[in-house]
Amino acid sequence: MIKVLIILASIILISVIFSAVSDKSGIPMLLIFIVFGMAIGSLPQLASFKSFATANTVCSIALIFIMFYGGFGTSWRAAKPVAGKAITLASLGVFFTAGITGLFVRFALGFPLIESLLLGSVIGSTDAASVFSILRRRKLSLKDNTDSLLEMESGSNDPFSYILTIVCLSLLVEGISAGKAFLMLFLQVSVGVAVGAAFSIALVFFIRRNIFFKGGGNEVFVIAIAIMGYALAELLGGNGYLSVYIIGIVLGNQEFQSKRDLVSFIDGINMLA
(Lines give C-alpha, C1' and ligand atoms only; values in the text may rest on other atoms or scores of the structure.)
Protein backbone atom coordinates (compact mmCIF):
# COMPACT_ATOMS: atom_id res chain seq x y z
CA MET A 1 0.00 0.00 0.00
CA ILE A 2 2.77 2.46 0.92
CA LYS A 3 4.66 1.67 -2.29
CA VAL A 4 1.51 2.28 -4.34
CA LEU A 5 0.99 5.68 -2.69
CA ILE A 6 4.63 6.65 -3.28
CA ILE A 7 4.41 5.67 -6.96
CA LEU A 8 1.08 7.47 -7.36
CA ALA A 9 2.35 10.67 -5.73
CA SER A 10 5.54 10.56 -7.79
CA ILE A 11 3.59 10.19 -11.03
CA ILE A 12 1.39 13.18 -10.13
CA LEU A 13 4.36 15.35 -9.16
CA ILE A 14 6.26 14.51 -12.34
CA SER A 15 3.11 15.19 -14.39
CA VAL A 16 2.81 18.67 -12.87
CA ILE A 17 6.44 19.36 -13.77
CA PHE A 18 5.88 18.08 -17.32
CA SER A 19 2.85 20.35 -17.57
CA ALA A 20 5.07 23.35 -16.84
CA VAL A 21 7.62 22.08 -19.38
CA SER A 22 4.85 21.83 -21.97
CA ASP A 23 3.75 25.43 -21.36
CA LYS A 24 7.28 26.77 -21.80
CA SER A 25 8.48 24.54 -24.65
CA GLY A 26 5.32 24.42 -26.75
CA ILE A 27 5.38 20.61 -26.88
CA PRO A 28 1.76 19.35 -26.64
CA MET A 29 1.05 18.16 -23.11
CA LEU A 30 -0.90 15.16 -24.40
CA LEU A 31 2.11 13.94 -26.37
CA ILE A 32 4.30 14.26 -23.27
CA PHE A 33 1.78 12.35 -21.17
CA ILE A 34 1.43 9.56 -23.73
CA VAL A 35 5.18 9.00 -23.79
CA PHE A 36 5.37 9.33 -20.00
CA GLY A 37 2.52 6.84 -19.60
CA MET A 38 4.26 4.32 -21.85
CA ALA A 39 7.44 4.69 -19.79
CA ILE A 40 5.58 4.29 -16.50
CA GLY A 41 3.63 1.30 -17.79
CA SER A 42 6.84 -0.53 -18.63
CA LEU A 43 8.20 -0.30 -15.08
CA PRO A 44 8.56 -3.73 -13.41
CA GLN A 45 6.37 -2.60 -10.51
CA LEU A 46 3.49 -1.78 -12.89
CA ALA A 47 4.08 -4.14 -15.82
CA SER A 48 2.11 -6.89 -14.09
CA PHE A 49 -0.99 -4.70 -13.73
CA LYS A 50 -3.75 -6.38 -15.75
CA SER A 51 -6.95 -5.08 -14.16
CA PHE A 52 -8.64 -3.40 -17.07
CA ALA A 53 -11.82 -2.99 -15.01
CA THR A 54 -9.93 -0.92 -12.44
CA ALA A 55 -8.28 1.18 -15.15
CA ASN A 56 -11.67 1.75 -16.78
CA THR A 57 -13.21 2.85 -13.47
CA VAL A 58 -10.41 5.31 -12.72
CA CYS A 59 -10.52 6.77 -16.23
CA SER A 60 -14.32 7.02 -16.19
CA ILE A 61 -14.25 8.98 -12.92
CA ALA A 62 -11.54 11.27 -14.27
CA LEU A 63 -13.54 11.90 -17.45
CA ILE A 64 -16.56 12.96 -15.37
CA PHE A 65 -14.61 15.97 -14.12
CA ILE A 66 -12.97 16.63 -17.49
CA MET A 67 -16.40 16.82 -19.13
CA PHE A 68 -17.74 18.97 -16.31
CA TYR A 69 -14.75 21.29 -16.70
CA GLY A 70 -15.37 21.48 -20.43
CA GLY A 71 -18.95 22.55 -19.90
CA PHE A 72 -18.09 24.90 -17.06
CA GLY A 73 -15.65 26.83 -19.24
CA THR A 74 -18.01 27.07 -22.23
CA SER A 75 -19.59 30.47 -22.80
CA TRP A 76 -23.17 29.89 -23.88
CA ARG A 77 -23.21 33.32 -25.52
CA ALA A 78 -20.38 32.19 -27.81
CA ALA A 79 -21.66 28.63 -28.21
CA LYS A 80 -25.31 29.42 -28.97
CA PRO A 81 -24.70 30.66 -32.55
CA VAL A 82 -22.84 27.44 -33.43
CA ALA A 83 -25.05 24.98 -31.53
CA GLY A 84 -26.76 23.74 -34.72
CA LYS A 85 -23.44 23.21 -36.48
CA ALA A 86 -22.03 21.43 -33.43
CA ILE A 87 -24.96 19.00 -33.30
CA THR A 88 -24.61 18.33 -37.03
CA LEU A 89 -20.90 17.58 -36.64
CA ALA A 90 -21.57 15.44 -33.56
CA SER A 91 -24.05 13.28 -35.49
CA LEU A 92 -23.52 13.31 -39.25
CA GLY A 93 -19.85 14.20 -38.81
CA VAL A 94 -19.29 11.09 -36.71
CA PHE A 95 -21.18 8.92 -39.20
CA PHE A 96 -19.15 10.15 -42.17
CA THR A 97 -15.85 9.94 -40.26
CA ALA A 98 -16.59 6.37 -39.21
CA GLY A 99 -17.62 5.41 -42.75
CA ILE A 100 -14.57 6.96 -44.44
CA THR A 101 -12.21 5.44 -41.87
CA GLY A 102 -13.90 2.05 -42.25
CA LEU A 103 -13.53 2.11 -46.03
CA PHE A 104 -9.88 3.06 -45.74
CA VAL A 105 -9.22 0.18 -43.34
CA ARG A 106 -11.12 -2.18 -45.65
CA PHE A 107 -9.22 -1.37 -48.83
CA ALA A 108 -5.85 -0.24 -47.47
CA LEU A 109 -5.37 -2.84 -44.73
CA GLY A 110 -7.58 -5.63 -46.09
CA PHE A 111 -9.82 -6.04 -43.03
CA PRO A 112 -13.29 -7.54 -43.47
CA LEU A 113 -15.93 -4.83 -44.07
CA ILE A 114 -17.81 -5.09 -40.78
CA GLU A 115 -14.63 -5.18 -38.71
CA SER A 116 -13.38 -2.15 -40.68
CA LEU A 117 -16.56 -0.22 -39.95
CA LEU A 118 -16.31 -1.25 -36.30
CA LEU A 119 -12.84 0.29 -36.10
CA GLY A 120 -14.14 3.44 -37.78
CA SER A 121 -17.02 3.63 -35.30
CA VAL A 122 -14.74 3.31 -32.29
CA ILE A 123 -12.58 6.25 -33.38
CA GLY A 124 -15.33 8.24 -35.11
CA SER A 125 -15.83 10.72 -32.27
CA THR A 126 -13.28 13.27 -31.15
CA ASP A 127 -11.73 12.92 -27.72
CA ALA A 128 -13.24 15.61 -25.49
CA ALA A 129 -10.37 15.55 -23.01
CA SER A 130 -7.87 16.24 -25.80
CA VAL A 131 -9.91 19.05 -27.35
CA PHE A 132 -10.52 20.79 -24.03
CA SER A 133 -6.87 20.44 -23.06
CA ILE A 134 -5.53 21.95 -26.27
CA LEU A 135 -8.03 24.81 -26.55
CA ARG A 136 -8.08 25.76 -22.88
CA ARG A 137 -4.41 25.43 -21.98
CA ARG A 138 -3.33 27.29 -25.10
CA LYS A 139 -6.16 29.81 -24.58
CA LEU A 140 -6.90 29.67 -28.28
CA SER A 141 -9.55 32.05 -29.58
CA LEU A 142 -10.35 30.87 -33.10
CA LYS A 143 -12.24 32.78 -35.76
CA ASP A 144 -16.02 32.51 -36.15
CA ASN A 145 -16.43 30.86 -32.70
CA THR A 146 -14.68 27.75 -34.02
CA ASP A 147 -13.29 27.02 -30.54
CA SER A 148 -16.80 26.93 -29.07
CA LEU A 149 -17.95 24.79 -32.00
CA LEU A 150 -15.18 22.24 -31.42
CA GLU A 151 -15.77 22.12 -27.67
CA MET A 152 -19.52 21.61 -27.98
CA GLU A 153 -19.11 19.00 -30.70
CA SER A 154 -16.53 17.01 -28.77
CA GLY A 155 -18.68 17.11 -25.64
CA SER A 156 -21.79 15.70 -27.32
CA ASN A 157 -20.62 13.23 -29.99
CA ASP A 158 -20.04 10.10 -27.89
CA PRO A 159 -23.64 8.77 -28.10
CA PHE A 160 -23.43 8.63 -31.90
CA SER A 161 -20.14 6.76 -31.76
CA TYR A 162 -21.75 4.35 -29.28
CA ILE A 163 -24.67 3.60 -31.57
CA LEU A 164 -22.43 2.93 -34.58
CA THR A 165 -20.30 0.59 -32.48
CA ILE A 166 -23.39 -1.30 -31.27
CA VAL A 167 -24.80 -1.58 -34.79
CA CYS A 168 -21.52 -3.07 -36.04
CA LEU A 169 -21.39 -5.44 -33.08
CA SER A 170 -24.98 -6.48 -33.77
CA LEU A 171 -23.86 -7.60 -37.22
CA LEU A 172 -21.00 -9.61 -35.69
CA VAL A 173 -22.67 -10.99 -32.55
CA GLU A 174 -26.15 -12.45 -32.39
CA GLY A 175 -28.58 -11.10 -29.83
CA ILE A 176 -28.25 -7.38 -30.55
CA SER A 177 -30.79 -6.05 -33.01
CA ALA A 178 -30.59 -2.81 -34.97
CA GLY A 179 -33.84 -1.66 -33.32
CA LYS A 180 -32.32 -2.13 -29.88
CA ALA A 181 -29.26 -0.21 -30.99
CA PHE A 182 -31.28 2.80 -32.15
CA LEU A 183 -33.33 2.67 -28.94
CA MET A 184 -30.06 2.91 -27.05
CA LEU A 185 -29.12 5.99 -29.07
CA PHE A 186 -32.44 7.62 -28.21
CA LEU A 187 -32.02 6.84 -24.52
CA GLN A 188 -28.39 7.95 -24.51
CA VAL A 189 -29.24 11.40 -25.82
CA SER A 190 -32.70 12.05 -24.35
CA VAL A 191 -32.04 10.70 -20.85
CA GLY A 192 -28.62 12.36 -20.71
CA VAL A 193 -30.14 15.73 -21.64
CA ALA A 194 -33.11 15.27 -19.26
CA VAL A 195 -30.97 14.38 -16.24
CA GLY A 196 -28.54 17.20 -16.98
CA ALA A 197 -31.43 19.64 -17.31
CA ALA A 198 -33.00 18.49 -14.04
CA PHE A 199 -29.78 18.94 -12.08
CA SER A 200 -29.20 22.28 -13.79
CA ILE A 201 -32.62 23.55 -12.73
CA ALA A 202 -31.85 22.53 -9.15
CA LEU A 203 -28.50 24.34 -9.28
CA VAL A 204 -30.09 27.53 -10.62
CA PHE A 205 -32.65 27.31 -7.81
CA PHE A 206 -29.85 27.23 -5.24
CA ILE A 207 -27.90 30.04 -6.90
CA ARG A 208 -30.84 32.43 -7.27
CA ARG A 209 -31.70 32.02 -3.61
CA ASN A 210 -28.08 32.59 -2.59
CA ILE A 211 -27.82 29.17 -0.97
CA PHE A 212 -24.09 28.60 -0.54
CA PHE A 213 -21.86 26.70 1.85
CA LYS A 214 -18.84 27.72 3.89
CA GLY A 215 -15.48 26.10 4.51
CA GLY A 216 -15.12 24.47 1.09
CA GLY A 217 -18.71 23.27 1.08
CA ASN A 218 -19.38 24.72 -2.38
CA GLU A 219 -16.53 22.71 -3.88
CA VAL A 220 -17.67 19.49 -2.20
CA PHE A 221 -21.24 20.18 -3.32
CA VAL A 222 -20.14 20.59 -6.95
CA ILE A 223 -18.17 17.32 -6.84
CA ALA A 224 -21.25 15.49 -5.55
CA ILE A 225 -23.48 17.08 -8.21
CA ALA A 226 -21.11 16.08 -11.02
CA ILE A 227 -20.87 12.48 -9.81
CA MET A 228 -24.60 12.18 -9.18
CA GLY A 229 -25.47 13.72 -12.56
CA TYR A 230 -23.30 11.14 -14.30
CA ALA A 231 -24.38 8.15 -12.22
CA LEU A 232 -28.13 8.82 -12.41
CA ALA A 233 -28.03 9.28 -16.20
CA GLU A 234 -26.10 6.03 -16.62
CA LEU A 235 -28.48 4.21 -14.27
CA LEU A 236 -31.44 5.28 -16.41
CA GLY A 237 -29.74 4.26 -19.65
CA GLY A 238 -28.57 7.72 -20.70
CA ASN A 239 -25.18 9.20 -21.46
CA GLY A 240 -23.70 10.36 -18.17
CA TYR A 241 -20.97 12.44 -19.77
CA LEU A 242 -23.52 14.41 -21.79
CA SER A 243 -25.47 15.03 -18.57
CA VAL A 244 -22.37 16.27 -16.75
CA TYR A 245 -21.42 18.47 -19.70
CA ILE A 246 -24.83 20.17 -19.62
CA ILE A 247 -24.63 20.71 -15.86
CA GLY A 248 -21.20 22.29 -16.32
CA ILE A 249 -22.46 24.66 -19.03
CA VAL A 250 -25.38 25.86 -16.91
CA LEU A 251 -23.29 26.35 -13.76
CA GLY A 252 -20.45 28.03 -15.61
CA ASN A 253 -22.79 30.59 -17.16
CA GLN A 254 -24.31 31.68 -13.84
CA GLU A 255 -23.04 34.61 -11.81
CA PHE A 256 -22.77 33.99 -8.08
CA GLN A 257 -20.58 34.74 -5.11
CA SER A 258 -17.35 32.79 -4.64
CA LYS A 259 -17.41 31.74 -8.30
CA ARG A 260 -13.77 32.75 -8.68
CA ASP A 261 -12.74 30.32 -5.94
CA LEU A 262 -14.82 27.59 -7.56
CA VAL A 263 -13.16 28.22 -10.94
CA SER A 264 -9.69 27.72 -9.42
CA PHE A 265 -10.85 24.55 -7.68
CA ILE A 266 -12.35 23.06 -10.86
CA ASP A 267 -9.15 23.92 -12.77
CA GLY A 268 -7.16 21.92 -10.21
CA ILE A 269 -9.54 18.96 -10.32
CA ASN A 270 -9.37 18.94 -14.11
CA MET A 271 -5.58 18.99 -14.07
CA LEU A 272 -5.52 16.05 -11.65
CA ALA A 273 -8.00 14.16 -13.82
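Presented here is an overview of the structure given in this document. The structure displayed is predicted, hence computed values, not measured ones. (Residues numbered from 1 in each chain as written. Predicted model: local features only at pLDDT ≥ 70, side-chain atom pairs only at ≥ 80, totals over all residues. Heavy atoms only, no water.)

**What about the overall build of the protein chain?**
Test applied: Secondary structure elements follow DSSP: runs of H or I of four or more residues count as helices, runs of E of two or more count as strands, with numbering from the N terminus. Restricting the calculation to C-alpha atoms gives the radius of gyration, and the globule rule supplies 2.2 Å times the number of residues raised to the power 0.38.
The helix and strand tally for the protein chain stands at 14 helices and zero strands. Element order for the protein chain, N to C, with α for helix and β for strand: α-α-α-α-α-α-α-α-α-α-α-α-α-α. The globule rule puts the C-alpha radius of gyration for 273 residues at 19 Å, and the 20 Å found for the protein chain is close to it. Along the first, second and third principal axes, the C-alpha set of the protein chain runs to 60 × 45 × 40 Å.

**A short note on the packing of helix α6 (residues 83–109) against helix α7 (residues 113–122)**
Formally: Note on geometry: axes are lines fitted to C-alpha atoms, helical ones only across the stretch in contact, with angles between N-to-C directions running from 0 to 180 degrees. Comment on the angle field: the value is read as roughly parallel under 35 degrees, roughly antiparallel over 145, roughly perpendicular from 65 to 115, and oblique elsewhere. Note: crossing handedness is left-handed where the near helix turns anticlockwise from the far helix by less than a right angle, and right-handed where it turns clockwise. We call two residues contacting when some pair of their heavy atoms lies within 4.5 Å. Side-chain classes follow a simple rule in which Ala, Val, Leu, Ile, Met, Phe, Trp, Tyr, Cys and Pro form the nonpolar group, Asp, Glu, Lys and Arg form the charged group, and the remainder, Gly included, forms the polar group.
Following both chains from N to C, one finds α6 and α7 inclined at 135°, their axes separated by 7 Å at the closest point. One element, α6, and the other, α7, form an angle in the oblique class. Considering how the two elements wind past one another, α6 and α7 form a crossing that is right-handed. Where α6 approaches α7, its residues A98, G99, T101, G102, V105 and R106 are matched on the opposing element by L113, S116, L117, L119, G120 and S121. Taken together, the residues that form the contact of α6 with α7 break down as five nonpolar, six polar and one charged.

**Regarding helix α10 (residues 158–172)**
Definition in use: For a helix, the expected span equals 1.5 Å multiplied by the residue count minus one. Think of it in three bands: with a 1.4 Å probe and only protein chains considered, a residue is buried below 20% of the maximum accessible area for its type, exposed above 50%, and partly exposed in between.
With 15 residues, α10 should reach 21 Å at 1.5 Å per residue; the first-to-last C-alpha distance of 21 Å fits that figure. Taken as a whole, α10 has its buried residues at D158, P159, F160, S161, I163, L164, T165, I166, C168 and S170.

**Notes on a nonpolar patch on the surface**
Selection rule: Each patch is built from residues that are more than 30% exposed by relative accessible area and take part in no salt bridge. Like charges join if they lie within 9 Å; nonpolar side chains (Val, Leu, Ile, Met, Phe, Trp, Tyr) join within 5 Å. In this description, accessible areas are obtained by the Shrake-Rupley approach with a 1.4 Å probe, and a residue is regarded as covered only by the protein chains that are shown. The term salt bridge refers to a side-chain nitrogen of Lys or Arg lying within 4 Å of a carboxyl oxygen of Asp or Glu.
Taken together, the side chains of M1, I2, L5, I6, L8, I12, V16, M271 and L272 present a nonpolar region at the surface, about 920 Å² in accessible area. The set of elements that each furnish at least two residues to the nonpolar patch consists of α1 (2–25) and α14 (259–272). Among the elements that line the nonpolar patch, the one with the most residues is α1, at six residues. Inspection of the secondary structure puts V16 in helix α1. Look at V16 and you get partly exposed, because its relative accessible area is 41%.

**Considerations on the environment of L187**
For L187, the location among the structural elements is in helix α11 (residues 178–208). A residue is classified by how much of its surface remains accessible, and L187, at 30% relative accessible area, is partly exposed. Sequence separation between L187 and G238 is 51 residues, and the spatial gap between their C-alpha atoms is 5.2 Å. When sequence neighbours within four positions are dropped, the list of residues in contact with L187 reads G192, G237 and G238.

**Some remarks on the environment of S125**
Structurally, S125 can be placed in the loop between α7 and α8 (128–137). Here S125 falls in the buried class, since its relative accessible area comes to 17%. For the pair formed by S125 and G179, sequence separation is 54 residues and the distance between their alpha carbons is 22 Å. In contact with S125, not counting residues within four places along its chain, are V94, N157, D158 and S161.

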